[in-house]
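Architecture at a glance
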Amino acid sequence: MKLSKLTTAVVLGVAAAQTHAATDDINVSAIINVGYTEREDFQGIAGYGVDDHAAGLKNGFWTDHTEIAISAPIDDMFFGKVTMVLDEHDGETEVELEEAFIQTTAMPYDLSFRAGRFLSNVGYLNGKHAHTDSFADRPLVYRAFMNGHYYDDGARLSWLAPTETYIELGTEVFKGATMPAYSDGEGVGAHSLFVKTGGDFNESHSWQLGASYIGFKNDEEYCSSHDHGEEDHEPHALEDEHGEAFGACDFSGDKDYYIVDATWKWAPNGNYKYQNFALSAEYFIVEEKGELHHEEEHEEHINVFDEEHHDEIDVEHTGFYVSGVYQFSPNWAAGLRYSEIDFDEPYSDGFKPKVSTAMMEYRHSHFSTIRLQYSQDKSVEHFTDDQVTLQFNMALGAHGAHQF
Amino acid sequence: MRINFKQKFALVCTALLVTMLPAQAQLNIFACEPEYAALAKELAGDDANIFSATTAKQDPHFVQARPSLISKMRRADVVICAGADLEIGWLPMLQMKSNNRDVQSTEKGLFLASDHVENLDIPVKVDRSMGDVHVLGNPHVHLDPFRVASLAKSFTEKLVQLDGPNAAVYQKNLADFSQRWKTATAKWQKKAEPLQGMKVVAYHSSFKYLFEFLGMQQVGDLEPKPGLPPTSSHLLSVLDIVNQQQVKLVVYTSYQDAKAADWLQDKTDIVSLQLPYTVGGNKQSVDLFTMMEQHISMLLLSLEQK
């Protein structure tokens, strides 16, 4: 019911947009992202609490992150974009408003301001739409720490330095109510700082570096486990070896992320059509200071009861991924990716979750990609999951420009 | 001949006037393609800082919105591009990320060539099954000298609009360029007479405007559909066209793959020819004039080959 109303709204919206398309620059696009995955059920990422979004692709047939986007200049000062994402969770189609923002195009002093709901620009992948990724799912480190990607209601101010080398500075404030943030949503629950720089080594080689910080004030009381009703599904956390397991919402306190990212792209003579290679890596340091909630089972005489604990913690996790993608003809590309996380206690006592991924894709045109992906997933101890995915990722309508 | 006082006086006055003309502001011009950097150079003069985002070796459809281009666009006073969605994959991203309010719309510092001339190949009906078709028509407008002449006028108007104090300089540059271009165009037309009616196969619709100017006829395309790379089954159908219509020539640009054209050359007595397409496309093409001369002389030369 919820969906059919929305579908009608979207269809009407698209129809309305099309009548204007000739005169205004309204871009309407849809990304169809469907596929089939053969894997075991998701069992969490070590003992670290994550919600369903961090699971990656579903077993069997799936329609994941199928999106509809409408964007256009509003006037000579503002640009606007709305992106709706349709996801399937436990047999129910969920509609997420992933983006609804306005951005200035005519601010003085090389400033730019964005407000509304949008993807945070920290790190390299987070600000990008998943359908522009070279793999069917986000790397493990993004799934564990960013719930795939972090978007929220907020505002961003960024400034481009007047230098020959590209240097962009930016800061964001967010409500803090979508995972991995969970604060009361009243006021500022997350804030970020980022700097991005880049340039060309020569005609064939280009680079980009970034350093970001994002901090969340999390309170388990307000954890809503992303936007969809958290009561439907349990936050995932596998009981690990020493019996500890934490849900996605068991932490209260400050969560600080420090992210560095590096990207290098190569194409002979800078001609990306026939051949190109892209190497990118991101490294995360995540600090958690606060209280961790857990329940301990106690037996006293014949009674078994759960005792609630709030343990003080001050921990530091790290994680990274490296990916390389080589497009060796206009039609074909292949890529490798490795991602690993080193959780601090009490989430892990030394086990490092890791996923190795290989993919091969065929692009019939600029708009259609068919991808075969294999992942060796070691997210939980003593278990290796061989995951095979066939993905169809296709774009209808306006071609959006892609970030570097 | 003796120079009298009156003439001397006039000379000195002219010299003074020229030096007193306001010094040309250092306009920063961001050109999406080398042909528009060359046009800007003719019209904005030597003092302008002109930057070309792409080279003749790069397919302008597939450029990356690289960090270096963002910082270049940040400082641009004028952005000149082919338009008609040729740069749709990267130009909007650069505009958005450059935070430069002067180059966001064509009312200000953005100049899209295709907006100022009549475009060929405007489809009556468009859907993606036709390939990467441009709704606004073929954007490769720089290869028709008549269109270039009118683009020169329109772009000068843009320069005058943005840099009024130097209007006289721009008008003078335009007058000078137009005169030389007109003479050259007449010469090219005469020289290219033997090419009239010649049938040709090309890669993409890159040379459509050149063929129109020269009275040539593109009867086949190495691409099955715009933007899709040649396939073997499609090439077989091109082979049929070549044999049936007695086509003698297949052309491609400096950024397109020679393989398909060479394959056709091996199968038939067709000549495979890489044309410069834009300024810098071969050694001799150093500006718009030499680029056009190269196109015509290379095509004429191919007639003698066989």
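Read on for an overview of the structure. Numbers given for residues are sequential positions, taken from 1 along each chain in its written order. Chain letters start at A and ligand numbers start at 1, both assigned in the order the entries are written. The predicted origin of the model limits local features to residues at a pLDDT of at least 70 and limits the giving and counting of side-chain atom pairs to 80 or more, whereas totals for whole chains, interfaces and linings rest on all residues. Note that the side-chain values use all heavy atoms of the structure and ignore hydrogens as well as water.

Another aspect to go through is the overall build of chain B. Runs of E in the DSSP output that reach at least two residues are strands. Runs of H or I that reach at least four are helices, and both are numbered from the N terminus. A tally of helices and strands in chain B yields ten helices and eight strands. Taken over 306 residues, chain B has a buried fraction of 54%. Contacts are assigned to residue pairs with any non-hydrogen atoms lying within 4.5 Å of each other. Summarising the internal contacts of chain B: among those between residues at least 6 apart in sequence, 63% fall at separations of at least 24. Counting only carbon and sulfur atoms, one obtains 56% of the accessible surface of chain B, whose full area is about 13,600 Å². Here the term buried applies to any residue with accessible area under 20% of the maximum for its type, exposed to any over 50%, and partly exposed to those in between, with areas from a 1.4 Å probe on protein chains only. Reported accessibility uses the Shrake-Rupley method at a 1.4 Å probe radius. Residues are deemed covered only where the shown protein chains occlude them.

The next subject is the overall build of chain A. For chain A, the count of helices and strands is two helices and 17 strands. Residues classed as buried in chain A amount to 51% of the 404 residues present. Sequence separation of 24 or more characterises 62% of the internal contacts of chain A that already satisfy a separation of 6 or more. With the model as given, the accessible surface of chain A reaches about 17,600 Å², and the carbon-plus-sulfur share is 56%.

Moving on, we come to the interface of chain A and chain B. In this assembly, 48 residues from chain A lie in contact with 36 residues from chain B. Summed over both partners, the interface of chain A with chain B comes to about 3,700 Å²; 53% of that surface belongs to carbon and sulfur atoms. We define buried area as the total accessible area lost by two parts upon association, computed with a 1.4 Å probe and summed across both. The largest contributions to the chain A side of the interface with chain B come from A:K273, A:Y274 and A:H399, which together make up 16% of the buried area. Breaking the side of chain A that touches chain B down by element, the ones donating at least two residues are β6 (111-119), β7 (151-160), β8 (166-174), β9 (190-200), β10 (205-218), β15 (354-365) and β17 (385-397) of chain A. As a working rule, the residues Ala, Val, Leu, Ile, Met, Phe, Trp, Tyr, Cys and Pro are called nonpolar, Asp, Glu, Lys and Arg charged, and the rest polar, with Gly in that last group. Of the residues that constitute the side of chain A that touches chain B, the class distribution is 20 nonpolar, 21 polar and seven charged.

With that out of the way, let us pick up the pairing of strand β1 (residues 28-31) of chain B. Residue and element names in this part refer to chain B. The pairing criterion for strands is at least two bridges between them, as found by DSSP. Two elements, β1 and strand β2 (residues 49-52), share four bridges in a ladder whose sense is parallel. Each bridged residue has a counterpart across the sheet, and for I29 the counterpart in β2 is I50. Across three bridges, the pairing between β1 and strand β3 (residues 78-81) is parallel. What sits directly across from A31, in β3, is I80.

Here the focus is the environment of A:G187. All names here are of chain A. Its place among the elements puts G187 in the loop between β8 and β9. The exposure class assigned to G187 is exposed, which follows from its relative accessible area of 52%. Sequence separation between G187 and G176 is eleven residues, and the spatial gap between their C-alpha atoms is 8.5 Å.

Each strand in a sheet pairs with its neighbour through backbone hydrogen bonds, running either in the same direction (parallel) or in the opposite one (antiparallel). Residues and elements named next belong to chain B. Strand order in this open sheet of four strands is β2-β1-β3-β4, and the pairing throughout is parallel. Of all the strands in the sheet, just β2 and β4 (110-112) have a single pairing partner and so form its edges. Going from strand to strand, the sheet's axes swing by 15° on average, the running direction of each strand aside. Note on definitions: angles span 0 to 180 degrees between N-to-C directions of axes, and those axes are lines fitted to C-alpha atoms, for helices only across the stretch in contact.

Moving on, we come to the side chain of A:S368. All names here are of chain A. Within the fold, S368 resides in strand β16 (residues 368-378). Note on S368: relative accessible area 13%, which makes it buried. Beyond its immediate chain neighbours, meaning those up to four positions away, S368 contacts Y362, R363, N393 and M394.

Here the focus is the pattern of salt bridges. The salt bridge criterion pairs a side-chain nitrogen of Lys or Arg with a carboxyl oxygen of Asp or Glu, the two atoms within 4 Å. One pass over the structure, following the stated rule, counts 24 salt bridges over all chains. The salt bridge involving A:K273 is made with B:E223; its shortest N-O contact spans 3.7 Å. Here the residue A:K273 occupies a position in the loop between β11 (251-266) and β12 (276-300), and B:E223 occupies one in the loop between β6 (217-221) and α8 (232-245), the pair thus bridging two chains. Assigned by exposure class, A:K273 and B:E223 land together as buried.

All right, on to the environment of A:S212 then. Residues and elements named next belong to chain A. Relative to the elements of secondary structure, S212 occurs in strand β10. When the C-alpha positions of S212 and L193 are compared, they lie 5.7 Å apart, and in sequence the two are 19 residues distant. Beyond its immediate sequence surroundings of up to four residues, S212 is in contact with V122, G123, L193, F194, Y257, Y258 and I259. For S212, the side chain forms a polar contact with the main-chain nitrogen of G123, separated by 3.0 Å. N or O atoms within 3.5 Å of each other form a polar contact, as long as, within protein, one can give a hydrogen and the other can take it, and as long as residues adjacent in sequence are counted only when both atoms are side-chain atoms.

A few words now on a nonpolar patch on the surface. Residue and element names in this part refer to chain A. Patch building starts from residues that exceed 30% relative accessible area and form no salt bridge, then joins like charges within 9 Å and nonpolar side chains (Val, Leu, Ile, Met, Phe, Trp, Tyr) within 5 Å. Residues Y36, F61, I370, L372, Y374, V388, L390 and F392 make up a contiguous nonpolar surface patch of roughly 720 Å² in combined accessible area. For the nonpolar patch, the elements supplying multiple residues, two or more each, are β16 and β17. Tracing the backbone through its elements, the reader meets L372 in strand β16.

Residues and elements named next belong to chain A. Note on terminology: disulfide denotes any pair of cysteine sulfur atoms within 2.5 Å. Per the counting criterion, the structure on display carries two disulfides over all chains. Between the sulfur of C223 and that of C249 lies a disulfide, 1.9 Å long from S to S. One disulfide, between C223 and C249, carries an S-S torsion of -45° and so falls in the left-handed class. Here C223 is found in the loop between β10 and β11, whereas its partner C249 is found in the loop between β10 and β11, with 26 residues between them in sequence.

Next up on the list: the pairing of β10(A). Residues and elements named next belong to chain A. Note: β9 against β10, eleven bridges, orientation antiparallel. Counterpart to H191 in the pairing with β10 is G215. As consecutive antiparallel partners, β9 and β10 are separated by four residues. The pairing of β10 with β11 spans 14 bridges and is classified as antiparallel. Residue pairing for β11: Y213 is matched across the bridge by Y258.

Let us now look at a negative patch on the surface. All names here are of chain A. Counted charges follow a simple rule, with Lys and Arg positive, Asp and Glu negative, and His plus the chain ends left uncounted. A single reference atom marks each charge: NZ on Lys, CZ on Arg, CG on Asp, CD on Glu. Residues E291, E296, E307, D311 and E312 make up a contiguous surface patch of negative charge. Only β12 and β13 (303-327) provide two or more residues apiece to the negative patch. Top contributing element to the negative patch by residue count: β13, with three residues. Within the fold, E296 resides in strand β12. E296 sits in the partly exposed class, given a relative accessible area of 31%.

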